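Here's the letter readout for the chains.
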Amino acid sequence: MMIISRNKRVIILAAAAILCLGFAHAQNLRLAKQTLPNPDNEPAPVHPVPHPRQLKWQETEFYAFFHYGMNTYTGREWGNGDEDRNIFAPTAAPNPKQWLEVAKAAGMRGGIAVVKHHDGFCLWPTETTEHNVTNSGNDYGRETNIPRDFAAAAKELDLKYGFYISPWDRNSALYGTDRYVKEVFLRQCAELAEYGTDQFEMWFDGANGGNGYYGGQGGTRSIDRATYYDVPNLRDTIHRVCPDCVMWGVGGEARWIGNEAGWAGQTNWSTENRDYAPERNGMYGTEDGWFWLPGESDAKATNRGWFWHDGESPLSPERLFQMYLETIGRNATLILNIPPNQAGVLPQASVDALTGMGTLVTNRLGTDLAQTATVTADKVRQGGAARNYVATNMTDGDKETYWATADGETAATITLTWETEQTVRYVELMEYIAKGQRVRKFHIETSADGVEWTRRATNVETTTVGYKRIVPLNGSTSASYDEGFKVKAVRIIIEDSKACPLISKVAVY
Ligand code: FUL
């Protein structure tokens, strides 16, 4: 028999105790992980999810673009950078408040003003270049400060605002060197950030490099778009001052929709990969993309250029309404361009067209019939004391509540019924995207009696929903406002979803 001394026994017992404690500790950790408190049974997010600033940005939905500057007075679309500063001579004081009033009448929630285009002429008194309003052709020009007046007007009208600043600068002798980025471009962005800490978007277009004046040296300059502008530094600097400012385009927080014709893909994911080609993928996104990069559609409300041109006319309110359905109705935001003229105001014809569009949006999408319907779902997730997932969450007007199914239930049906017959033309759905975009496939049916069902919009790709999807029930975006369907019930059949679907709104118009 082995005899163990008392000391050794103490040591062995102590070691065993330490081992046991360690094991128990590890067990506890594992147990703790398994039982993370989730009293309301909240669904787990499906990654990637939007940053809170991207969520706020998405809620802006519809906003204006105002291309105004040197080109307004030369008739060009892309100035070379050698324009005489005297040419900038507004015939009256530019009036950004009028621009934004029109935007508001069209139902927009904000606007973005171009304050420097590729020609490099700055519409504010900047310290970074002589090529700015203070050296322009008349008093109206010299007193112009678009960022100041635009921000003030937006605040007064309770609209969101932001600025377009061209990274490409055909005037600057430094363009193409590191000094341009440090001494001109980043400083200009920082100056703009000081015109309001609540800006919602800064717009950097993709035209970069090529020929130009370049301080009189002329020639062609090319840059590496991916690295030249020191984007991580730019983003951090701006976010320190403007925490809700989404950096569009080269800034990497929202993507170009890939065309300038005012449409997004019917299938449109807000997720993307870094190596996507905007002109190829922009319209559709990438289902399994590894970061959140929602689409923005930039389109012209007039028939000539981005800038004002003599003889231009606005598109019809009907055409603009179609754009609305094909962008905002397909999980993109719409930034619609209206060019101010040489007096620094929007011409009356544009005012009328945009106001007409606003009236169409209000008349056609302003009265939600779901508000008077009985809303049910065949599957409902179990809730808790502080949160439930019932079907009526989709019609309560609260964007923070949503209907959901249990984990693993990726197909379900939402039904809306009315006691009296309704005339219906559009169905609108919104996902609770704070927890990721999920729905992959759905379809819509209507019923005149609540018994026989007919599938609608059969020619529409009813695939993704995202932040917002509006489906014209007759399947047409160009002739969407027809006589409609007379129904007593509408149902939305979700066929497939990345995980349990979370729908925050259903509306019927
Ligand atoms: C493009 C620019 O080159 C156009 O002139 C315009 O500003 C458009 C919105 O973005 O990249």
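Coordinates for the structure precede this section.
This report concerns the structure included in the present document. (Residues numbered from 1 in each chain as written. Predicted model: local features only at pLDDT ≥ 70, side-chain atom pairs only at ≥ 80, totals over all residues. Heavy atoms only, no water.)

Moving on, we come to the site of the ligand. The local shell around the ligand consists of Phe-65, His-67, Trp-78, His-117, His-118, Tyr-164, Trp-203, Asp-205, Ala-207, Glu-260, Asp-298 and Trp-306. The separation between an oxygen atom of the ligand and a polar side-chain atom of His-118 is 2.8 Å. Between Tyr-164 and the ligand, the recorded distance is 2.8 Å, taken from a side-chain N or O atom to an oxygen atom. Considering the ligand on its own, with 290 Å² of exposed area, one finds that the protein chains cover 90% of that surface. Under a 2 Å grid-point criterion requiring more than half of the atoms, the pocket assigned to the ligand is the largest pocket. Broken down by class, the residue content of the shell around the ligand amounts to 6 nonpolar, 3 polar and 3 charged. (Near = heavy atom within 4 Å. Polar contact = N/O pair within 3.5 Å; in protein donor to acceptor, adjacent residues only side chain to side chain. Areas by Shrake-Rupley, 256 points an atom, 1.4 Å probe, with all protein chains shown as cover. 1 Å grid on protein atoms, 1.4 Å probe; cavity = no way out; pocket = protein on both sides within 12 Å on 5 of 7 lines; lining within 4 Å. Sits in = over half its atoms within 2 Å of the grid points. Nonpolar A, V, L, I, M, F, W, Y, C, P; charged D, E, K, R; others polar.)

Here we come to empty space enclosed by the protein. Counted by the stated rule, this structure contains 1 cavity of 30 Å³ or more. By volume, the largest cavity is sized at about 40 Å³. Every residue lining the largest cavity is listed: Tyr-68, Gly-69, Met-70, Asn-71, Val-114, Val-115, Lys-116, His-117, Asp-119, Phe-121, Leu-123 and Phe-307. Contributing elements (two or more residues each) for the lining of the largest cavity: helix H3 (70-74) and strand S2 (110-116). It is S2 that provides the largest number of residues to the lining of the largest cavity, a total of 3 residues. By residue class, the composition of the lining of the largest cavity is 7 nonpolar, 3 polar and 2 charged. (Points joined across faces, edges and corners; volume = space filled by probe spheres on them. Helix = DSSP H or I, 4+ residues; strand = E, 2+ residues; numbered from the N terminus.)

Let's shift gears to the sheet that holds strand S11 (residues 295-300). Strand pairs in the sheet, formed through backbone hydrogen bonds, run parallel or antiparallel to each other. If you walk across this open sheet you meet the 8 strands as S7-S4-S3-S2-S1-S12-S11-S8, and the pairing is parallel. Looking at strand neighbours, the two that pair on one side only are strand S7 (246-247) and strand S8 (255-256), the edges of this open sheet. Here S2 pairs with strand S3 (residues 160-165) via 6 bridges, running parallel. Within S3, the position partnered with Ile-112 by the bridge is Gly-162. Along the sheet, helix H6 (residues 146-157) contacts strand S1 (62-66), S2 and S3; its crossing angle with S3, the most-contacted strand, is approximately 160 degrees. (Pairing = 2+ DSSP bridges. Contact = heavy atoms within 4.5 Å. Axes fitted to C-alpha atoms, helices over the stretch in contact; angles between N-to-C directions.)

Take the layout of surface pockets next. It is the rolling of a water-molecule-sized probe over the atoms that shows where space remains empty. Of the volumes computed, that of the largest pocket is approximately 790 Å³. Considering the residues around the largest pocket, the lining is formed by 35 residues, among which Asp-205, Gly-206, Arg-225, Gly-249 and Val-250 are closest to the centre. Those elements that place two or more of their residues in the lining of the largest pocket are helix H8 (231-241), S8 and helix H9 (278-281). Per-element tally for the lining of the largest pocket: the top contributor is H8, with 3 residues. A class-by-class count of the residues in the lining of the largest pocket yields 19 nonpolar, 7 polar and 9 charged. By volume, the second largest pocket amounts to about 290 Å³. Taken together, 17 residues line the second largest pocket, and the ones lying closest to its centre are Glu-61, Arg-109, Tyr-324, Val-361 and Lys-468.

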